Amino acid sequence: MIQPTAKGKRIKFMMTCLCDAFYADVAQASYEVLEHLGCEIEVPAGQTCCGQPALNSGEWESARKVVRHTVKTFGGEEPVVIPSGSCAAMTRHGAILGFESEPDLDEVEGLARRSWELCEYIVQGLGIDSWPGRFDGKVALHRSCHTRGTKVYESAVTLLSSIEGLELVEVGELEQCCGFGGTFSVSFPYVSKKMGQLKVEHLTEKRPNYVASLDMACMLHFGGMMDRQGVKTPRLHVSQILKKALENR
Amino acid sequence: MAKLEQAIDNHAANLDEETREAVRLASKAKTEKRVNALWTDFDDPNALRKLASQVRQHALDNLPDYLEQAEAAFQKNGVQVHWAEDGDQANAIVLDIMRRRGASKVVKSKSMVSEETELVPFLEKHGMEAVETDLGEYVVQIDGDHPSHIVTPIIHKNRRQVGRSFEREGLGEYTEDPLELTRMARRHLRQKYLDADVGMTGANFVVAESGRIVLVTNEGNARFSMAATKTHIAMVGIEKIIPREQDVPLFLSLLGRSATGQPLTVYTQFIGGPKSASQEEGPEEMHLIFLDNGRSDILASNCKEILRCIRCGACMNVCPVYRQTSGHAYRSVYPGPVGAVLSPLLNKAGFPDLADLPKASSLCGACQEVCPVDIPIPDLLLRLRNKGKQEHAPKTSINTPGLSFWALAATQPAAWKTGLKLGHAMNVVPHALLDVNPSAKSWRSTRELPPFRGGDFRSWLKAHEKKGGAS
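Residues numbered from 1 in each chain as written. Chains lettered and ligands numbered in written order. Predicted model: local features only at pLDDT ≥ 70, side-chain atom pairs only at ≥ 80, totals over all residues. Heavy atoms only, no water.

1. Topic: the sheet that holds strand 9 (residues 267–271) of chain B
All names here are of chain B. Stated formally: Between any two strands, at least two bridges found by DSSP are needed for them to pair. For helices the rule is a DSSP run of H or I covering at least 4 residues; for strands it is a run of E covering at least 2, with both sets numbered from the N terminus onward.
In spatial order, the strands read 8-5-6-9; together these 4 strands make up an open sheet with mixed pairing. Edge positions in the sheet fall to strand 8 (241–242) and strand 9, since each has one partner strand and no second. Of the pairings in the sheet, the one linking strand 5 (residues 205–207) to strand 8 comprises 2 bridges and is parallel in character. Note that in strand 8 the partner of valine 207 across the bridge is isoleucine 242.

2. Observations concerning the nonpolar core
We count it as follows: What is meant by a nonpolar core is a set of buried Ala, Val, Leu, Ile, Met, Phe, Trp, Tyr and Cys residues, joined one to another through side-chain atoms within 4.5 Å. Each residue gets one of three labels from its accessible area relative to the maximum for its type: buried under 20%, exposed over 50%, partly exposed in between, using a 1.4 Å probe on protein chains only. Contacts are residue-level and defined by heavy atoms, with any inter-residue pair within 4.5 Å sufficient.
Ranked by internal contacts, the top residues of the largest apolar core, which has 192 residues, are A:Trp131, B:Leu123, B:Ile306 and B:Phe457. Per-element tally for this core: the top contributor is helix 11 (residues 216–229) of chain A, with 8 residues. Residues in contact with B:Leu123, not counting those within four places in the same chain, are B:Val94, B:Leu95, B:Met98, B:Val106, B:Met128 and B:Ala130. With 22 residues, the next largest nonpolar core counts B:Phe74, B:Val206, B:Ala234 and B:Ile241 among its residues.

3. Points about the interface of chain A and chain B
The condition is simple: Summed over both partners, buried area is the accessible surface (1.4 Å probe) that two parts give up on being assembled. Salt bridges, as used here, are contacts in which a Lys or Arg side-chain nitrogen is within 4 Å of a carboxyl oxygen on Asp or Glu. Between N or O atoms, a polar contact is any pair within 3.5 Å; within protein, one atom must be a potential hydrogen donor and the other a potential acceptor, and residues adjacent in sequence are included only when both atoms are from side chains.
At the junction of the two partners, chain A supplies 66 residues and chain B supplies 72 residues. Surface buried jointly by chain A and chain B totals about 5,900 Å² across both partners, of which 61% is contributed by carbon and sulfur atoms. Looking at the side of chain A facing chain B, the largest losses of area belong to A:Phe22, A:Phe188 and A:Arg228, adding up to 12% of the total buried there. A salt bridge links B:Glu448 to A:Arg228; the nearest nitrogen and oxygen atoms lie 2.7 Å apart. Linking chain A with chain B are 35 residue pairs in polar contact (both at pLDDT 80 or more), by the criterion used here. Counting residues per element, the ones that place at least two in the side of chain A that touches chain B are helix 1 (17–21), helix 2 (24–36), helix 3 (52–56), helix 4 (60–73), helix 5 (85–98), helix 9 (184–187), helix 10 (189–204) and helix 11 of chain A. Examining the composition of the side of chain A that touches chain B, we find that 8 residues originate from one element, helix 10 of chain A, more than from any other.

This is the structure:
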């Protein structure tokens, strides 16, 4: 996993395809958080998806096309900030795997060195380790799998635990996947369901007021299960908590 | 052609709840013990993992040289070295040695390569008595079953099942007391050790420099296998080489802790040849069979890192898929994440037959995180998925939506935005109608879909920028 090195407050924002299609409020919260930090934000209109679905399905020809489009769309030197650990892992690691013997590997690596997950950008990139404002409640934070090998999760913990009124509760078996895995969730429905059930149990075990995630992909899955099962604990992306805290200053 | 079924998912769905819970809880316990053992004893276990990974990769990158060095060192120690290209050759070598030695009974300690070559059924077919002496493997043998884990072969069985098996085999009256069950097995197996002509083992490590094999067990059965027998045969994969004696502690430090959370297994043996003239007991002959069986091909492939594996089983213990499916779902000797890479590549019937294994992963990466030799298993799974696509292996694509149409849209912003608009139809049609799409149906079987809000952020942004950004 390539660790990002691009610094500065002039940034490009990757909204992610899931926020583009389903979670406009998360993209908006992330944008407003970045705006609050004084970032000069460009949102390339031509952006689509990072290409991970095709890479994970073994369709590497298709994946490379989408990655090339993303590299072109996000060209430049600025940090690229992404409200998803999974899409960031794709641009930083997965994409490179698919380009190992391609002539334009350099360009893909270039985007990798500029790609930050949102919380990681705030804490590691901008050097901010506390968050203003207030957010009342107990929060269970899901550690999304694709943040392994990065400082994303610890950055989110740093920020959330600094917010007045917010208490992070323990989540059991943090290293266990929620069972989404993209197409895995539909091609292995039974195993995926069993994994999701365990995740919902672990996330709600300590009776939190909110369940939070660094990835809407995971929350699409375990959240969809919570809705089906009637588990009413409200769910928020970490950016939404940061934004709500700002509103309570 | 009949519709291909997702065999692993089906296996999981049909698994009885008792077995599933037994597998899951045992796996969870081993995962926790591993973490405790490593982080209690070392400041930075991850540094050890990286180092071990480098040593193993170095050995693999220079394998022909190290194998040559090992052969010479073993021969110098009086060991007869054999080379087998595949399982059939390896089995034939064992049979040949046994016949030459006038042997008819072999006691065997645990060895995954001999599972790979199906040695025991082969020897039985040729009139030999072969007895598994690892307790778990023994239960597997008398039940005509297969191991479901590479370290704990009967993780899928409980003590009541073992009690019934022992009663059936005449080892004693039914009991579910583990201590008594162990005593029964011990009484039975002790006689087997005394009667046997040949002791058969694998090896956890083969040290090129010294010509010694390293064996770890918790039951001491490998040691017993060599106590009364006149011939010792060790069968090992060619990848088991580590360069030097001084590398051994690093791997022993990691193996026990990663496998079972033990600082060291109960027995650790270093065997460098047959008994010497001054020793009263021990095998007069020692044979070492190096087995290739597809490993050279893997070494030349883009999945060569999988050969670093030291068979600790930590990847399967932590794997959420293994925990739900148990090992038999993988239809091969090596289950779990390592098996999902290794098994299709080693498979006698060819890669396509097991091309669904690399798909049985959410790519969560827990396996790499615990691997004592830092094998990038998720990357290798991805490479094999790509291989499956390139080779048009049907099992690569079972119940998986094709993505070429999606990719086309994702490279053309205009088409993408049109898709975002069209997607709103999802909010007005009853969701049940979406079920004509098998993927949507599968999703909706246990989960709700969120409302579609395609393009809403883009619209907000436009208005927001018009307003002049943040107020």
